[in-house]
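Structural description and commentary
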There are 2 protein chains.
Amino acid sequence: MTREQLFEQILQKKSYLCVGLDTDPRKLPQHLLDAEDPVFEFNRQIIEATADLCVAYKPNIAFYEAQGPQGWVSLEKTLKAIPDNIFTIADAKRGDIGNTSELYARAFFETMQFDSITVAPYMGADSVKPFLVQDGKWVILLALTSNAGSQDFQMLRLEDGNEEYLFEQVLRSSAGWATPDQMMYVVGATQAEYVQRVRRLVPEHFLLVPGVGAQGGSLEEISRLGMNRQCGLLVNATRSIIYASSGPDFAEKARAEALAMQQEMEALLEELIKK
Amino acid sequence: MTREQLFEQILQKKSYLCVGLDTDPRKLPQHLLDAEDPVFEFNRQIIEATADLCVAYKPNIAFYEAQGPQGWVSLEKTLKAIPDNIFTIADAKRGDIGNTSELYARAFFETMQFDSITVAPYMGADSVKPFLVQDGKWVILLALTSNAGSQDFQMLRLEDGNEEYLFEQVLRSSAGWATPDQMMYVVGATQAEYVQRVRRLVPEHFLLVPGVGAQGGSLEEISRLGMNRQCGLLVNATRSIIYASSGPDFAEKARAEALAMQQEMEALLEELIKK
């Protein structure tokens, strides 16, 4: 999916919501456990209940990998159940030497048909570039993550005379590896105070924003600080939506949560929609 | 496997060789393509031909993931074909927020029975600690990798008054997260000039050393600089061994390459063996 197509979807749906599909078999509603593939059945109903309210789905690959081969079957079926006009993110945090990243790119862009994959920057340019295979396929690079551990290395000051943090150098360097049509960045909603520093370096790029909801980030604040003229934001919510209820009404409750976020986003998008 | 058990194996086999199992279905010898599971059959024969010469096997997970669910079946069968006294490394470069790293730990330590997994440090302590589940299960943290991209971020100087590089801060911080009985570090053989800086910070830890062979690092040099009183090195070779021949004699040729490395290692281990 291209950046223009993504922006179109955002305007159409008045939403920049990404729903995380971190489906833990141990957290499934009882009544689904008899289904042939309970994880897929859970995802299918979540997708059916939220597809008109979000512009992206983000399966967290760990949750499928933990199930062994069956997990990958559930993941592939889930991917096929997502409407084509919705952006798909393999939240995989991959990244390795060139010949290996090429294989990961094949795994997520060819074996599976994801639009994008999250990638870790530590190994540098030649670990990221193999994912930049074609227009419409995206790298979403970790910049400033939402977790406490983001302080350990991402926030280290560099001896560069600019008092820059490591995450800023990651943005600065990687922005030269691909255009805003092939690269996005992960910036946690819990990092609102640094979003302006992020936008100074990457004004045009889309940001994938985790950390709203369960992790405590504010949708309003991150949107006010991070939105650009093409929205430039995909705000993810996972647990607050997919685990809104553990009962037979899980999909209905998930929709209610997604709808509340979409409505807040519609208000925050007002100026872009007017244009 | 504990550090003592690993050192025992090294002394017994007079080898600290790790064989990488980056098995690419496109590179398999013709005569294996009719096998029920060609990737597994290739691995099985490589393992049979080299098990007495190496102390570790390192499947690169990307190569299996790229095959979809069938790849995970091949991987699980490969893992079962590895003798119990050989250390197994899931070269996965994982790392995510806590609840997700827990799932990856479950995938590689429980769903599969790997002894260790390679982990990327960028997301910090709470992305790494969930892998430290029990003695005998290891985190192998990326410190200074063997690829050109290691220059991009790992070699950035920090504003800490010590003129330290980022990879040194990664060693310094992470050495506090686990003992040398649960943590190892990836240090590329192509980085020999920095191995003394690594050893100053982590004298006791095992180092997993890629980059000998195809990538051009020197076994003799990295061993002279990096070996400690418990050897402290696992030197990996992949392409030079498993792709030594693309013919029916691939296993035989792989053994010859592994034997040559084992013999060089035996000489380099001489002083430790004497004790």
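Now for a quick tour of the structure. Note that this is a predicted model, so its numbers are computed, not measured.

This part is about the environment of T111(B). In this structure, T111(B) sits in helix α5 (residues 98-111). If sequence neighbours within four positions are ignored, T111(B) has contacts with A66(A), Q67(A), G68(A), E76(B) and R106(B). One polar contact links the side chain of T111(B) to the main-chain carbonyl oxygen of A66(A), over a distance of 2.6 Å.

Residue and element names in this part refer to chain B. At a minimum axis separation of 9 Å, helix α2 (residues 38-50) and helix α4 (residues 69-80) run at an interaxial angle of 20°. The angle between α2 and α4 places the two elements in the roughly parallel class. As for the relative orientation of α2 and α4, their crossing is right-handed in sense. Between α2, through V39, F40, N43 and I47, and α4, the contact on the second element is made entirely by S74, K77 and T78. A class-by-class count of the residues in the contact of α2 with α4 yields three nonpolar, three polar and one charged.

Moving on, we come to the interface of chain B and chain A. On the chain A side, the residues contacting the 59 residues of chain B number 59 residues. Around 5100 Å² of area is buried between chain B and chain A when both sides are counted, 60% of it from carbon and sulfur atoms. Three residues stand out in chain B for area buried against chain A, namely Y122(B), F153(B) and E159(B), and they jointly supply 17% of the buried area on that side. Summed over the shared surface of chain B and chain A, the result is four salt bridges.

All names here are of chain A. For helix α11 (residues 250-268), spanning 19 residues, the distance from its first C-alpha to its last is 27 Å, which sits close to the expected 27 Å at 1.5 Å a residue. Of the residues making up α11, those classed as buried are F250, A251, A254, A258, M261, Q262 and M265. The arc enclosing the buried residues of α11, seen along the axis, measures out at 105°, which places them on a common side. Away from the buried face of α11 by more than 90 degrees, exposed residues E252 and A267 are located. Turning to α11, the residues buried within the fold contact α1 (3-13), β1 (17-21), α2 (38-50), α9 (219-226), β8 (233-237) and α10 (239-242).

Rules used in this analysis
Sequence order as written defines the numbering, with residues in each chain counted from 1. For naming, the first written chain is A and the first written ligand is 1, with later ones following in the order written. Residues qualify for local features only when their pLDDT is at least 70, as the model is predicted, and side-chain atom pairs are given and counted only at 80 or more; totals for whole chains, interfaces and linings, by contrast, use all residues. Calculation of side-chain values draws on the structure's entire complement of heavy atoms; hydrogens and water are dropped beforehand. Starting at the N terminus, helices and strands are each numbered in turn, a helix being any DSSP run of H or I of at least four residues and a strand any DSSP run of E of at least two. Working rule for contacts: check all heavy atoms of both residues, and any pair within 4.5 Å makes them a contact. As used in this structure description, the phrase polar contact means that two N or O atoms lie within 3.5 Å; if the pair is within protein, one of them must be able to donate a hydrogen and the other to accept it, and residues adjacent in sequence are counted only when both atoms belong to side chains. Only the contacting stretch of a helix is used when fitting its axis, a line to C-alpha atoms as for every element, and angles between N-to-C directions run 0 to 180 degrees. Throughout this description, any angle smaller than 35 degrees is read as roughly parallel, any larger than 145 degrees as roughly antiparallel, any in the 65 to 115 degree range as roughly perpendicular, and the remainder as oblique. Handedness of a crossing follows from how the near helix is turned relative to the far one, being left-handed for an anticlockwise turn of less than a right angle and right-handed for a clockwise one. Here the term charged refers only to Asp, Glu, Lys and Arg, the term nonpolar to Ala, Val, Leu, Ile, Met, Phe, Trp, Tyr, Cys and Pro, and the term polar to all other amino acids, Gly among them. Reported buried area values correspond to the accessible surface (1.4 Å probe) lost by two parts on association, with both partners' losses combined. One side-chain nitrogen of Lys or Arg within 4 Å of one carboxyl oxygen of Asp or Glu is enough to make a salt bridge. The length a helix should cover is 1.5 Å for every residue beyond the first. Only protein chains enter the accessibility calculation, which uses a 1.4 Å probe. A residue is then buried if its area is under 20% of the maximum for its type, exposed if over 50%, and partly exposed in between. Throughout, the arc means the angular range of directions from the helix axis out to the C-beta atoms.

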